[in-house]
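Here is how the chains run, residue by residue.
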Amino acid sequence: MKNDRIVVIEDEPDILEVMRYNLTREGYDVLSCENGEEGLAMVRAESPDLVVLDLMLPGQDGIEICRILKQEEATRFIPIIMVTAKGEESDVVLGLGVGADDYLTKPFSPKELIARIKAVLRRGKLKEELTSDRVTLPGLTIDPQRHEVKVNQECVEFTATELRLLHFLASHPGRVFARDHLLGRIIGEGAYVIDRNIDVHVRSIRKKLGEHRHLIETIRGVGYRFQGRES
Ligand code: CA
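What you see is a predicted model; the values in this text were computed from it and never measured.

J.: When you look at the overall build of the chain in this model, what are you seeing that I'm missing?
T.: Across its full length, the chain carries 8 helices and 12 strands. Buried positions account for 41% of the 231 residues belonging to the chain. Of all intrachain contacts in the chain linking residues separated by at least 6 positions in sequence, the fraction that spans at least 24 positions is 56%. Of the accessible surface of the chain, which amounts to about 12,700 Å², a share of 50% is contributed by carbon and sulfur atoms.

What follows is the structure, encoded as structure tokens:
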């Protein structure tokens, strides 16, 4: 498996060195530079998996760099973790406003940095898997963008969670998903839900699907599968 690549833009050599050392040890490929202009060029050229961006930089500051990267078609999906010094909290708000995905306040431990990086990368991968493409099957259409489910041409009302769950399963026909996986994907890691809740949602979804209820299969002791055309 390919290592995730991280670009670190940080003008304080000591901090940069600590980050480089720890991220490399954690198995990331690390590229770094000490000012915004170079950083911008590096991100455009390398298209890394994530950027760690210091806020206070000589020349163009972190806010500006973040704004530019989040506007460009080729770089807007690259997650950015903003690093700020204490007392720059108002800048944090600004940073999140221009699209930073998370932030860390100095001083922070390498452990903290790595935890944030992992969380942000995981969220990124989640987004990839959670497409919003319409799913069309005989007698069933699921359109998350319009928040619309049609069963035999009739619109049926689904809650947001039900729609996400149904759409996720239907987007991966034939694949078995464990309950806890679905919980993390659909309901979110932060939410407090018990395992059985997935079953409650599925029961409700099946009811609404009517004659198409069989499309969601229960895999005993594991979770659920949307009926695949193959597999
Ligand atoms: Ca700085």
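J.: Please clarify how the sheet that holds strand 8 (residues 148-151) should be interpreted in this entry.
T.: Across a sheet, strands are paired by hydrogen bonds formed along the backbone, either parallel or antiparallel in direction. The 4 strands are arranged 6-7-8-9 in an open sheet whose pairing can be described as antiparallel. Strands with a single pairing partner mark the edges of an open sheet, and in this sheet they are strand 6 (135-137) and strand 9 (154-156). Strand-to-strand twist in this sheet, taken as the mean axis angle between neighbours without regard to direction, amounts to 20°. Bridge count for strand 8 against strand 9 is 3 bridges, and the pairing is antiparallel. Across the sheet, Val151 pairs through a bridge with Glu154, a residue of strand 9.

J.: What am I meant to see in the coordination of the calcium ion here?
T.: Geometry reference: four tetrahedral donors at a metal, ideal angle 109.5 degrees. Six octahedral donors, ideal angles 90 or 180 degrees. Distances from the calcium ion to its protein donors, Asp11 (OD), Asp54 (OD) and Met56 (O), fall within 2.1 to 2.3 Å. All donors of the calcium ion belong to a single chain; written as a sequence motif, their spacing is D-x42-D-x1-M. A residue pair is termed long-range when its members are at least 10 positions apart, and Asp11 in the loop between strand 1 (5-9) and helix 1 (13-25) and Asp54 in strand 3 (residues 50-54) qualify at 43 residues. Note on Asp11: relative accessible area 25%, which makes it partly exposed.

J.: Explanation requested: the pattern of salt bridges in the structure shown.
T.: Oppositely charged side chains can pair when the atoms bearing their charge come close. A full pass over the atoms with the stated rule returns 12 salt bridges. Where Glu12 meets Lys106, a salt bridge forms, and the shortest distance between an N and an O atom there is 3.0 Å. With a gap of 94 residues between them, Glu12 in the loop between strand 1 and helix 1 and Lys106 in the loop between strand 5 (102-105) and helix 5 (110-129) connect regions that are remote in the sequence. Residue classification places Lys106 among the buried residues on the basis of a relative accessible area of 13%. Two residues, Glu26 and Lys118, come together in a salt bridge whose shortest N-O distance is 2.9 Å. One end of the pair, Glu26, is in the loop between helix 1 and strand 2 (29-33); the other, Lys118, is in helix 5, with 92 residues separating them in the sequence. A relative accessible area of 36% places Glu26 in the partly exposed class. When its relative accessible area of 39% is taken as the criterion, Lys118 is described as partly exposed. Three or more residues joined by partner-sharing salt bridges are found here, namely Glu10, Glu12, Asp54 and Lys106.

J.: Looking at this structure, how should I read the confidence of the model for the chain?
T.: Note that predicted coordinates carrying low pLDDT should not be read in detail. In this model, the chain carries a mean pLDDT of 86, and residues with pLDDT of at least 70 account for 89%. Averaged over each element, pLDDT in the chain is lowest for helix 4 (residues 89-97) (72) and highest for strand 1 (97).

J.: In this structure, what is going on with the sheet that holds strand 10 (residues 176-178)? I would like to understand it.
T.: An order of 10-12-11 is seen for the 3 strands of this open sheet, with the pairing classed as antiparallel. Every other strand in the sheet has two partners, leaving strand 10 and strand 11 (216-219) as the edge strands with one partner each. If you compare each strand with its neighbour and ignore which way they point, the axes differ by 30° on average. Helix 6 (residues 160-171) contacts strand 10, strand 11 and strand 12 (223-226) of the sheet and is inclined by roughly 65° relative to strand 12. Sheet strands in contact with helix 8 (residues 197-209) are strand 11 and strand 12, and its direction is about 145° off that of strand 11.

Quick notes on the rules
- Residues numbered from 1 in each chain as written.
- Predicted model: local features only at pLDDT ≥ 70, side-chain atom pairs only at ≥ 80, totals over all residues.
- Heavy atoms only, no water.
- Helix = DSSP H or I, 4+ residues; strand = E, 2+ residues; numbered from the N terminus.
- Buried < 20%, exposed > 50% of the residue type's maximum accessible area, 1.4 Å probe, protein only.
- Contact = heavy atoms within 4.5 Å.
- Areas by Shrake-Rupley, 256 points an atom, 1.4 Å probe, with all protein chains shown as cover.
- Pairing = 2+ DSSP bridges.
- Axes fitted to C-alpha atoms, helices over the stretch in contact; angles between N-to-C directions.
- Donors = N, O, S within 2.8 Å, 3.2 Å for Na, K, Ca; no water.
- Salt bridge = Lys/Arg side-chain N within 4 Å of Asp/Glu carboxyl O.
- pLDDT = per-residue confidence, 0-100.

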